[in-house]
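Listed here are the chains, written in short residue letters.
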Amino acid sequence: MCLALPVKVIEVGCGPAGDWAIVDLGGVKKEISLALLDDVQVGDYVILHVGYALSKLDPQEAERTLALFSEMSESVAAAS
């Protein structure tokens, strides 16, 4: 099973070729590749899969998706 997640870009132009970014997912910072996308800016949301940004995502859609993930996590924690 594969999972792609929305993440927020907090820094761009990292890495030797400048095609890397730092993203934030719930406080976790990760360096990812932007090799598959053009024109990614700080503040953009992208879909992350296996270390690569696959596409940009509408900010409102990203925030709704992240809120659903948080809600599911809280439900699982409450059931335990």
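Residues numbered from 1 in each chain as written. Predicted model: local features only at pLDDT ≥ 70, side-chain atom pairs only at ≥ 80, totals over all residues. Heavy atoms only, no water.

### Digging into the overall build of the protein
Within the protein, the secondary structure is distributed over 1 helix and 5 strands. Along the first, second and third principal axes, the C-alpha set of the protein runs to 45 × 25 × 20 Å. Within the protein, the fraction of its 80 residues that count as buried is 24%. Here the protein has roughly 5300 Å² of accessible surface; of this, 58% comes from carbon and sulfur atoms. Considering the protein, the positive charge centre built from 5 side chains and the negative charge centre built from 12 side chains are found 2 Å apart. (Helix = DSSP H or I, 4+ residues; strand = E, 2+ residues; numbered from the N terminus. Buried < 20%, exposed > 50% of the residue type's maximum accessible area, 1.4 Å probe, protein only. Areas by Shrake-Rupley, 256 points an atom, 1.4 Å probe, with all protein chains shown as cover. Lys, Arg positive; Asp, Glu negative; His and termini not counted. Charge placed at Lys NZ, Arg CZ, Asp CG, Glu CD.)

### A short note on the environment of Ile 22
Mapping Ile 22 onto the fold places it in strand S2 (residues 20–25). Looking at Ile 22, the relative accessible area reads 18%, which means it is buried. Residues Ile 22 and Lys 56, spaced 34 residues apart in sequence, show a C-alpha to C-alpha distance of 15 Å. If we ignore the near neighbours within four places in the chain, the residues touching Ile 22 are Lys 8, Val 9, Ile 10, Glu 11, Cys 14, Lys 29, Lys 30 and Glu 31. (Contact = heavy atoms within 4.5 Å.)

### A look at the pairing of strand S4 (residues 45–49)
If a strand is regular, its side chains alternate between the two faces of the sheet. Summarising burial for S4: 4 of the 5 residues are buried, a large majority. In the sheet, strand S1 (residues 5–14) pairs with S4 via 4 bridges, with the strands oriented antiparallel. Bridged to Lys 8 within S4 is Tyr 45. Relative to strand S5 (residues 52–57), S4 runs antiparallel, the two sharing 5 bridges. Its bridge partner being in S5, Ile 47 is matched across the sheet by Ser 55. The antiparallel pairing of S4 with S5 creates a hairpin that spans 2 residues between the two strands, and Val 50 there sits at a positive phi of about 50°. (Pairing = 2+ DSSP bridges.)

### Observations regarding the pairing of S1
Where S1 and S2 come together, 5 bridges link them in antiparallel fashion. Directly across from Val 12, in S2, lies its bridge partner Ala 21. Linking S1 to S2, which pair antiparallel, is a turn of 5 residues; within it Gly 15 sits at a positive phi near 80°.

### Remarks on the side chain of Ser 33
Mapped onto the secondary structure, Ser 33 falls in strand S3 (residues 28–33). The class of Ser 33 is buried, set by a relative accessible area of 4%.

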